[in-house]
Number of protein chains: 2
Amino acid sequence: MHPRIIDTLKRSQLSVTDSRKKILELFLQRKAALAHADIEQHSGDEFDRVTIYRTLQTFVEKGILHTIPSADNSVRYALCKDACTEGHHHDNHVHFMCDVCGTTYCLDHVTVPAVQLPAGYQVHQLDLVASGTCIKCQ
Amino acid sequence: MHPRIIDTLKRSQLSVTDSRKKILELFLQRKAALAHADIEQHSGDEFDRVTIYRTLQTFVEKGILHTIPSADNSVRYALCKDACTEGHHHDNHVHFMCDVCGTTYCLDHVTVPAVQLPAGYQVHQLDLVASGTCIKCQ
DNA sequence: AATATTTTGCAACAAAGTTGCATTTGTGTA
DNA sequence: TACACAAATGCAACTTTGTTGCAAAATATT
Ligand SMILES: [Mn+2]
Ligand SMILES: [Mn+2]
Ligand SMILES: [Zn+2]
Ligand SMILES: [Zn+2]
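Residues numbered from 1 in each chain as written. Chains lettered and ligands numbered in written order. Predicted model: local features only at pLDDT ≥ 70, side-chain atom pairs only at ≥ 80, totals over all residues. Heavy atoms only, no water.

### A few points about the coordination of the zinc ion (ligand 3)
All names here are of chain A. Put simply, the rule is: Donor selection uses N, O and S atoms within 2.8 Å of the metal (3.2 Å for Na, K and Ca). Since no water is included, sites may look incomplete. Just to be clear on the cut-offs, tetrahedral is four donors with all angles between 85 and 135 degrees, square planar is four donors and octahedral six with opposite donors over 155 degrees apart and all others between 65 and 115, and anything else goes down as irregular. Think of it in three bands: residues with accessible area under 20% of the maximum for their type are buried, residues over 50% are exposed, and the middle band is partly exposed, with areas taken using a 1.4 Å probe on protein chains only.
Taken together, Cys-98 (SG), Cys-101 (SG), Cys-134 (SG) and Cys-137 (SG) make up the full set of protein donors to the zinc ion (ligand 3), lying 2.1 to 2.4 Å away. Classification of the site at the zinc ion (ligand 3) rests on its four donor atoms, whose angles at the metal span 103 to 119 degrees, yielding the label tetrahedral. Spacing between the donor residues of the zinc ion (ligand 3) along the chain follows C-x2-C-x32-C-x2-C. Take Cys-134: its relative accessible area is 0%, and that puts it in the buried class. Looking at Cys-137, the relative accessible area reads 24%, which means it is partly exposed.

Below you can see the structure in the form of structure tokens.
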């Protein structure tokens, strides 16, 4: 088991349970983002579908995972790298979704550029999602 | 009925049907983007749920509507303004989703800035979605 | 070890999306 | 205008996805 797992859970004041450990482990192994369906597939009958929903929700609230918007009705989740805390995310990096293999990447080193919106729009979050062909699928 | 409706359909080589006219009209009246559910709600029993699915899909394929990614598993659709054609979209403007009223706006005059991705990522599309509080909800 | 708290699985349900097929509607042509 | 062909629609049946309440199990606290 990845050494960071227990730490991460405790720092967020979450009790350390099997499902949380395993789901977190899955995200640490895979470097890419995962949709609910990916986790469900990958974990077989290890735990209930409902538990996955609740775990993902908890992790997002606690700042362990962030969501990545998509145009295919299937939100992806990925590990927060920065110091995200309960209700306060700072994942302002670009995401890339490959049309070929379906992988979603966090491009941690590519920052979302500032944009000048018309007066009156108060921005709380900015998401930039690129899609196309990834390195592996060229 | 809005004068552009028949034109738009014919230009895309689509037969002019009641549902297509009414769904298109809805998008022309409302300036904002609409989710499937919005259309369903707004049209009552005028046409079947399945017809809405199929119409939206057709309109996207034909370049009449474009999709807007979201983090809440509910893709929004909005009219293409530019010369989008079958299978070729050019809606490279920023979108704004209001957390308060839920409205999604096409900010037609705010262009998505170019970003420099790591070598090897071939970008086909760039989506920038801002969220926060809109003008009306301040 | 005993107790209090939290999480989980299950069941039942609601909502969202898909597919095949008969019927209806629209289009082009005679 | 009427006809024939093609396309779109509605319906039914179904699958998938997401939600909720509650008892049982697991975890944390003392
Ligand atoms: Mn990310
Ligand atoms: Mn738009
Ligand atoms: Zn790929
Ligand atoms: Zn608003």
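Right, picking up where we left off after that structure.
### Section: the protein's contact with DNA strand D
Put simply, the rule reads: For each residue, the test is whether any non-hydrogen atom lies within 4 Å of the molecule or strand; if one does, the residue is near. Nitrogen and oxygen atoms within 3.5 Å of one another constitute a polar contact, given that in protein one can donate a hydrogen and the other can accept it, and given that sequence-neighbouring residues count only through two side-chain atoms. Each helix is a run of H or I in the DSSP string that is no shorter than four residues. Each strand is a run of E no shorter than two, and both are numbered from the N terminus.
Neighbouring DNA strand D are 19 residues, the closest being A:Tyr53, B:Ser19, B:Thr51, B:Arg54 and B:Asn73. Among all atoms of DNA strand D positioned within 4 Å of the protein, those belonging to sugar or phosphate total 65%. With respect to DNA strand D, the backbone of A:Val16 contributes an N or O atom lying 2.8 Å from a phosphate oxygen. Within the side chain of B:Arg20, one N or O atom sits 2.8 Å away from a phosphate oxygen of DNA strand D. Of all the secondary structure elements, the ones that give two or more residues to the surface near DNA strand D are helix 4 (49–62) of chain A together with helix 2 (18–29) and helix 4 (49–62) of chain B. Broken down by element, the surface near DNA strand D gets its largest block of residues, four residues, from helix 4 of chain A.

### So, unusual backbone geometry
Unusually for a residue other than glycine, A:Gln13 sits at a positive phi of about 60 degrees. Locating A:Gln13 in the fold gives a position in the loop between helix 1 (4–11) and helix 2 (18–29). What makes A:Gln13 exposed here is its relative accessible area of 67%. Of note in the backbone geometry, B:Asn73 takes a positive phi value of approximately 55 degrees without being a glycine. Tracing the chain through its elements places B:Asn73 in the loop between strand 2 (65–68) and strand 3 (76–79).

### Regarding the coordination of the manganese ion (ligand 1)
Residue and element names in this part refer to chain A. Within the protein, His-66 (NE2), His-93 (NE2), His-95 (NE2) and Cys-106 (SG) serve as the donor atoms for the manganese ion (ligand 1), at 2.0 to 2.3 Å. All donors of the manganese ion (ligand 1) come from a single chain, and their spacing in sequence reads H-x26-H-x1-H-x10-C. With His-66 in strand 2 (residues 65–68) and His-95 in strand 4 (residues 93–98), this residue pair connects regions lying 29 residues apart in the sequence. Like His-66, the residue His-95 is buried in the burial classification.

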